[in-house]
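# Breakdown of the fold
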Amino acid sequence: MTDAPIGIFDSGVGGLTVARAVSQLLPRESIVYIGDTAHSPYGPKPIADVRRYGLEVLDTLVDEGVKMLVIACNTASAAMLRDARERYDVPVVEVIGPAVRTALSTTRNRRIGVIGTEGTIGSGVYQDMLGVDATLEVFAQACPRFVEFVEAGVTDSPEVLRVAEEYLAPLRHAGVDTLVLGCTHYPFLEGAISYVMGEGVSLVSSDTETAKDVYRQLVSRGLLAGPDATALHTYEATGDSAEDFLRLADRLMGRGVSAVRLVQTGAIDLPKGTP
Ligand code: DGL
């Protein structure tokens, strides 16, 4: 048992959905959340840059003494899935594996759609992991403007619906029965996405599934907080405005986040030849 916190990170506020799901399943666990607002959005950036930024944040969390790392960002998970597990002694949980597992157990017609940022879809990680099952057909679509909408706090405007129609048309025509929301921000647009895809299509988002993975890892490794532990939730951002992070967190998540500390991540040395 250990009362050390769980470290959770995203490029910005989107990963708060994962933090919320973790604290619902594990209310005695402390959490340190870092939003890498200095470098967000990750989606349009070269995957090598995302990897560097992400590892810098994870190093910071490890220096802060976390007992587990949660990469609550699809683009970052796609960029450094393996590197992170090799680099740290603490267990690392990410969001792609849980979403893939859920999609596989959800689909009935074996046609699965995946939407995400340009980085995530361009990396091909979802397509590769789902494609291992040769009986499946996978249809992937990048939806870059979705993150812009959520970051602007716009989740239910006619413009969102119009853009959703445009992005999702190929997936609707492909007849997918399961759609993976492969981006932390997309659960905030579930209304529009579900409306456009229709009732018969199951939406899979990684927040609750990732929280179950966190639960499993803590239990199996004997890392749960002790019986008298008091959960402390700390929020940190790397950008220069705590207010922006707070305002958006408040709009998207309700009153859960009351204070944000600004932190700096250190530069890291990656081995030569690292892409
Ligand atoms: N958190 C990112 C993801 O899940 C979306 C936001 C961004 O582009 O940074 O892919």
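For the structure, check the block above.
Described in the following lines is the structure provided in the data block. Nothing here was measured: the structure is a model prediction, and the numbers come from that model.

Rules of the game
Residues numbered from 1 in each chain as written. Predicted model: local features only at pLDDT ≥ 70, side-chain atom pairs only at ≥ 80, totals over all residues. Heavy atoms only, no water. Helix = DSSP H or I, 4+ residues; strand = E, 2+ residues; numbered from the N terminus. Rg over C-alpha atoms; globule rule 2.2 N^0.38 Å. Buried < 20%, exposed > 50% of the residue type's maximum accessible area, 1.4 Å probe, protein only. Contact = heavy atoms within 4.5 Å. Areas by Shrake-Rupley, 256 points an atom, 1.4 Å probe, with all protein chains shown as cover. Near = heavy atom within 4 Å. Polar contact = N/O pair within 3.5 Å; in protein donor to acceptor, adjacent residues only side chain to side chain. Nonpolar A, V, L, I, M, F, W, Y, C, P; charged D, E, K, R; others polar.

Assigned secondary structure in the chain consists of eleven helices and ten strands. Whereas a compact globule of 275 residues would reach a radius of gyration of roughly 19 Å, the chain reaches 18 Å, a difference of no more than 12%. Buried residues in the chain amount to 55% of all 275 residues. Counted over contacts in the chain with a minimum sequence separation of 6, partners at least 24 positions apart contribute 75%. Entry remark: accessible area of the chain is about 12000 Å², with carbon and sulfur atoms responsible for 50%.

Once that is clear, we can look at the site of the ligand. Close to the ligand lie 13 residues, the nearest being Asp-10, Ser-11, Tyr-42, Gly-43 and Thr-75. Contact between the ligand and Asp-10: a nitrogen atom at 2.7 Å from a side-chain N or O atom of the residue. Between the ligand and the protein, one listed contact pairs an oxygen atom with a backbone N or O atom of Asn-74 at 3.0 Å. Look at the ligand: alone it shows 300 Å² of surface, and the protein chains cover 99% of it. Here the shell around the ligand is composed, by residue class, of five nonpolar, seven polar and one charged.

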